[in-house]
Amino acid sequence: MSVATTQHDSRHPLLAAVILALVVASMNIGLWWWGNLPHGPEDWHGKIGGMALSVFQRYQSPLKNDFPTDQQIDSDLRLVSRYTSHVRTYSMLQNPQLPRLAEKEGLKVMAGAWIDRRLDNNEKEIAALIAQARRYPGTITRVIVGNEVLFRHDLTPDQLMAYADRVRAALHQPVSIAEPAYIWVKYPELVQHVDFITVHLFPYWNGVPRNRAIDDAVGSYEALRRMYPNKPIVVGEIGWPSNGDRHEYAYPSVSNEAIFLRQWFNAAKKLHIDYYVMEAFDQPWKENLGEGRTGAYWGMFNADRQLKFPFTGPVVEDTSWPWKALAASLLALIPMIWFGRKFSRFKLTGRFFFAALIQLACGLVVWSATLPFQFYLSWIDWTMLVLLFPAQIAILAILLINGFEFTEVLWRPSWLRHAGMLRPDRPEKQPFVSIHLACYNEPPEMVIITLDSLVALDYENYEVLVIDNNTKDPAVWKPVQDYCEKLGKRFRFFHLEPWPGYKAGALNFGLKETDPAADVVAVIDADYEVRHDWLSTLTGHFHDPKVAVVQCPQAHREFEHNTFRRMTAWEYDGFFRIGMHHRNERNAIIQHGTMTMVRRSALEGTGGWSEWTICEDAELGLRLMHAGYDLVYVDELMGKGLTPADFKAYKSQRYRWAFGAMQILKGRWRWMTGRGPLSAGQRFHFLTGWFSWFADALHLIFTLMALFWTAGMVALPQYFSLPMQLFMIPVIGFFVAKAIFGIVLYRARVPCSWRDTLMASLASMSLSHAIARGILHGLTREKTSFVVTAKSRRLGESGFAAFAPVREELLMAVALTLCVVGMALSYGNRYVEGTLWMFILSAQSIPYFSAVIGAWIAHKAGDKAG
């Protein structure tokens, strides 16, 4: 084997790695700083005009009849009195002690009676309002009858005006009704039944960006004043949320709330506007009461009674960002230094890229771990967090694994372990090769083509054993037997019936029948045409006693003019052009059951072919590595076979590979995780090489969870809230990154057109569900049946039957489509989380639609071939 070596590109790789890690860590801190740049709105000095007040503590809720104590209310009023002299309340029944306690703090109260469709309760509210206003005339200076009653369509204007008239007749204090601006425009008759107009101004709910919000609010106020010049106007609610869902162009954040309110305070002072800020304290119980997540975050203080922003000086969005940035940098520092030192031979661009990827992953971990504490999460949200946070860690791990492959393939100076074709040995030095060809129910004409290619081998010392196991119909295996007899004594045919062990059982039989002089056992599939120089140019590798396997790519023929076979051929090619080289760098290739040669003594010395797994080829490769042998990968197309005939065969083959991979993972777990002869690189590849398939299994689980959660959001929105961005952004990033990695690597390594690249991507995605089922079944079951991959077309299928192999995928695609439609009808584009969730649902549907499309392409291509 010829091996190319390179020198480190730095004379001081450790120093270079430290410098690179520090640069990336500094860039990370810089990004956190840039994302939290101080904002400098106009300072505010003095007291605030007034505050809307709900005094429920963090875990209290009127919906659960859990009310604050006198001590808690008194503490809140004492805090509020430091910033304003006026407060507004909404109900007289919920906190009847509030006027008494407000009087003690010297606060003036605009007291409200809560009016809704419960007519009996309305009577109690009005009675309490009148009684309290009479009892505390110096404290309750204004009263409000109903809050957004007409906006909610709870009562008619006449009913509401009747309530207002009753209160006006009973009290000396001015009386009003609180509604949004458009209600006062729509029902001008309201003005005749109030002493002053109370209007709610919310540029946020108008979808106005924060930089135009003050103009929007002042414009609405001035328009109302022009409409009713003789009526005093009080802005009963105005504010901006610090967290929650984006609404059109309005984005909730601490800095936006700070800037908006400080600008409003100054504008209101200049224009002499009477107002109440919405609101004093965050109220977590309001989350998902028709406002989405945003309803909980309107307070100037958070639910723990901490002021969210200063009234003077610059405003920082996240005051704890330095600690988060430092934690992310420290978390990434050692892995970045290790990578930079270990792979110092990579080009600087590659080392920088992967170091940045490590830093990004660590930053996402810190962000994901800390972000939930900025929200008032319900037990359902925390349940989702507990379930999905480990999945996010797994996603990041898969991203890093894929990123390492991406980095090595693109930015290595050269392959360290590169084996090629050798000069043929003279006949007397040629190792004796026993070629084993296992058959089961294969079309005889296809097998005969393979035998003809073996006859034409430019090699002296070889034999061919054709082992037909369990083919029932003599009309299938007899022609092959007859043909072998015609070819002479070099070709031997065996028919085994019944015979256990599937392909491994047949190969073990062949091993016993192998010529004693044989040094090498070669295995090919029954559909392969091999090149005449396959043995002559490659058996020389076995002169190195450490070499146990020489593996060539699994390549294909006769696919160029068949759309389905073409897309699958290029899909297979990707692994052998990319993944096998990546694994070969650490002597960790996946041995395949065709175009492979094995040293006979190593094969027999380690126990032959394993019949306990349906992927006996990959298991043998791992076993030989464990025994200390080298496996050689020669990226030369020495033989070509046929792609699966239809989508059912294509899908069942990948299911078998995934199931077998899990059998190997379970059966050889201690080899990969405990101490032993396997190198760190071999353990890495055999533990993580199947992570992309684990991603397919996670995709299926996550899709089922998403279907359940979406159904809940559409049918029972009071119990199921929109997922937080925390859950969605890493998932979307993973989708995008994986797509970019795959396409870029294909364009760099696989010699096909853009169309072929995209069609190969479609083929790859179409297998996601089959792989997921294979992984989950392989983890939970001991065995499954060995299904031979059909290479010839099944005849007589109807168009409807073409979709039979993808029934489950079609059902999942339809279900996800219905979920997207349901979300669009229920949530529209009101919330950014809703839009992100619909994007995720759409992305999740791609593999399922790909399978349906792939099955249809296979059907149509088969019709044309027929």
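As the structure is a prediction and not an experimental result, all values here were calculated from the model.

1. A few points about the overall build of the chain
Link 1 in the chain: Scanning the chain from N- to C-terminus turns up 27 helices and 18 strands.
Link 2 in the chain: Taken over the C-alpha trace, the chain has a radius of gyration of 37 Å; the compact-globule value for 866 residues is 29 Å, which it surpasses by more than 25%.
Link 3 in the chain: Projected onto its principal axes, the C-alpha positions of the chain cover 120 × 65 × 45 Å.
Link 4 in the chain: Counting across all 866 residues of the chain, residues that qualify as buried make up 58%.
Link 5 in the chain: Within the chain, contacts between residues separated by at least 24 positions form 79% of all contacts whose residues are at least 6 apart in sequence.
Link 6 in the chain: When the accessible surface of the chain is totalled, it reaches about 36,400 Å², and 60% of it is carbon and sulfur.

2. Description of the confidence of the model for the chain
If pLDDT is low for a region, its predicted coordinates should not be looked at in detail.
Link 1 in the chain: When pLDDT is averaged across the chain, the result is 91; 96% of the residues are at 70 or more.
Link 2 in the chain: Counting interchain partners and residues more than four positions distant, the pLDDT-below-50 stretch residues 1–8 has 22 contacts.

3. Description of the sheet that holds strand S11 (residues 491–496)
Link 1 in the chain: Read across the sheet, seven strands follow the order S11-S10-S9-S12-S16-S14-S17 without closing on themselves; strand pairing throughout is mixed. Taken across any chain shown, the strands that pair with only one partner, and hence form the sheet edges, are S11 and strand S17 (630–633). Mean inter-strand twist for the sheet, computed between neighbouring axes without regard to direction, equals 20 degrees.
Link 2 in the chain: Pairing between strand S9 (residues 433–439) and strand S12 (residues 520–524): five bridges, direction parallel. Looking across to S12, one finds that isoleucine 435 is bridged to alanine 522.
Link 3 in the chain: Sitting on the sheet, helix H13 (residues 474–487) touches strand S10 (462–469) and S11, and the angle it makes with S11 is about 155 degrees.

4. Some words on the environment of alanine 361
Link 1 in the chain: In this structure, alanine 361 sits in helix H10 (residues 348–370).
Link 2 in the chain: Residue classification places alanine 361 among the buried positions, given a relative accessible area of 7%.
Link 3 in the chain: Between the C-alpha atoms of alanine 361 and isoleucine 115, which are 246 residues apart in sequence, the distance is 51 Å.
Link 4 in the chain: Setting aside anything within four residues of it in sequence, one finds alanine 361 in contact with Leu396 and Leu400.

5. A closer look at the sheet that holds strand S13 (residues 529–530)
Within a sheet, neighbouring strands are paired by backbone hydrogen bonds and run either parallel or antiparallel to one another.
Link 1 in the chain: If you walk across this open sheet you meet the three strands as S13-S18-S15, and the pairing is mixed. Unpaired on one side and paired on the other, S13 and strand S15 (555–556) mark the two borders of the sheet.
Link 2 in the chain: Of the pairings in the sheet, the one linking S15 to strand S18 (residues 639–641) comprises two bridges and is parallel in character. Counted as the bridge partner of alanine 555 is lysine 640 from S18.

Criteria and thresholds
Residues numbered from 1 in each chain as written. Predicted model: local features only at pLDDT ≥ 70, side-chain atom pairs only at ≥ 80, totals over all residues. Heavy atoms only, no water. Helix = DSSP H or I, 4+ residues; strand = E, 2+ residues; numbered from the N terminus. Rg over C-alpha atoms; globule rule 2.2 N^0.38 Å. Buried < 20%, exposed > 50% of the residue type's maximum accessible area, 1.4 Å probe, protein only. Contact = heavy atoms within 4.5 Å. Areas by Shrake-Rupley, 256 points an atom, 1.4 Å probe, with all protein chains shown as cover. pLDDT = per-residue confidence, 0-100. Pairing = 2+ DSSP bridges. Axes fitted to C-alpha atoms, helices over the stretch in contact; angles between N-to-C directions.

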